[in-house]
Amino acid sequence: MPVPNSSASTETVLTDLTPESSPGPAPGGRMAGPGDRHKLNRSLPPADFWRDLGLHILIPFFLAAGMGLAYLGAFHQPEPNHMAVGVVGSGASAQVFAQQLNDAEPGALDVRVVADPDAARRLLTDRELSAAYEPASEDATLYLASAASATTAEVAKKIFQPVAFDQHLPLNIVDVVPANEHDPTSQGLFFLLVGLSVGAYSSAVAISAVAGQVTVPWRAAAATISSAVIAGMGVIIAGPIYGILENGLWGMWLLSWLYVTTIALLGVALHPVLRKWTTPTLTMLFVMLNFTSCGGIFTAETLPPFFAALGTFWNGAAWLHAAQSLAFLEGRTYVVPEDIETLAV
């Protein structure tokens, strides 16, 4: 009986060739088979991939948002904020003029009367004043210290040039502490701070990568020694190579060593707890908040209140203040003890 056998054979073949997974025609007009479904499934990463990607991509998202908020928040609109200036003179007329300047834009200036030009020069050298204005019968003089901050000096010019114009007086500019000829913007120390900071926290990450092999004292020793090398490289680059530092190199090296060591030790200590978040945390502390509050681009007197307040106790501001004392300001061969305390703490 050939026909039934043929029919049974045909039914078996049809069963084998009709899998559950025949979704329809594949590209090119042919029917999709099991191999096509396998390729389709393989083109979509598993759920674990998306979870891990989301967790890891948070770090660059955090860095991008943090850098934008910090830098633009601090620098997008610099304007005087309780900027300390002096009026050189004596008597009631000087007091009235100082009060008029205070009242012109409340909160912008903190004006005080200074007895004479010598006192104004001394206060500028000690960075207790950002500028001093001396009106006279035939002209006016504006005293500045561009070595402390060239940008603040420019802000002071914009404030007092219209004042002299309204008084019908020609304005003379006297730079009490001029910037280094190799650093006319007075921002060289700030960029040295950038190099030291990046070297500090990156060395902490590098040491932490192998820290599991050694004890805590050896980790601290590695951080301290590497910090000395990083500080030395920074001072050599800023001094002998580019001429930004002309004196006080040994003192600058010791100051920079202290600064780099504190950051490196903190990074090594935080790594066992924060792991992959160590780098973004150190970036937040010593880049986002540090560079924006240290006064290297704009001083605290031209920053928004939040960043100005940070500069009163952040280590970058303390280092820069101490470094300026060593490098530029006349008659100052020492650093302010408060700066050293801030760096150490």
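Calculation criteria
- Residues numbered from 1 in each chain as written.
- Predicted model: local features only at pLDDT ≥ 70, side-chain atom pairs only at ≥ 80, totals over all residues.
- Heavy atoms only, no water.
- Core = buried A, V, L, I, M, F, W, Y, C linked by side-chain atoms within 4.5 Å.
- Buried < 20%, exposed > 50% of the residue type's maximum accessible area, 1.4 Å probe, protein only.
- Helix = DSSP H or I, 4+ residues; strand = E, 2+ residues; numbered from the N terminus.
- Pairing = 2+ DSSP bridges.
- Axes fitted to C-alpha atoms, helices over the stretch in contact; angles between N-to-C directions.
- Contact = heavy atoms within 4.5 Å.
- Salt bridge = Lys/Arg side-chain N within 4 Å of Asp/Glu carboxyl O.

Q: Would you take a moment to explain the nonpolar core for this structure?
A: As a rule of thumb, soluble globular proteins bury nonpolar side chains together. Within the largest apolar cluster, 60 residues are counted, with the highest numbers of intra-cluster contacts made by L189, L245, M252, L255, Y259 and W319. Broken down by element, the residue count for this core peaks at 9 residues, all from helix α7 (residues 188–209). Membership of the second largest hydrophobic core comes to 21 residues, among which are V87, A156, F160 and V163.

Q: Looking at this structure, I do not really get the sheet that holds strand β2 (residues 109–114). What am I missing?
A: As a general point, the strands of a sheet are linked pairwise by backbone hydrogen bonds and lie either parallel or antiparallel. Reading across from one edge, β2-β1-β3-β4-β5 is the order of the 5 strands in this open sheet, with mixed pairing throughout. Each of the sheet's edge strands pairs with one partner strand only, and the pair in question is β2 and β5 (171–175). Between one strand axis and the next, the sheet turns through 25° on average, direction left out of account. Where strand β1 (residues 83–88) and β2 come together, 6 bridges link them in parallel fashion. Bridge assignment links V87 to a residue of β2, and that residue is V113. Relative to the sheet, helix α6 (residues 150–166) contacts β1, β2, β3 (131–135), β4 (140–144) and β5, its axis offset from that of β4 by approximately 170°.

Q: Looking at this model, I keep getting lost on the pattern of salt bridges. Mind explaining?
A: Two side chains bearing opposite charge may form a pair once their charged atoms approach each other closely. The final tally for this structure, using the stated rule, is 2 salt bridges. Where D48 meets R51, a salt bridge forms, and the shortest distance between an N and an O atom there is 2.9 Å. One end of the pair is D48 and the other is R51, both in helix α3 (residues 47–75) and 3 residues apart, which spans about a single turn. Residue class for D48 comes out partly exposed when judged on its relative accessible area of 44%. When the shortest N-O distance is used, the salt bridge between E154 and K157 registers 3.3 Å. Of this pair, E154 and K157 both sit in helix α6, 3 residues apart, roughly one helical turn. Taking the relative accessible area as the measure of exposure, K157 reaches 23% and is therefore partly exposed.

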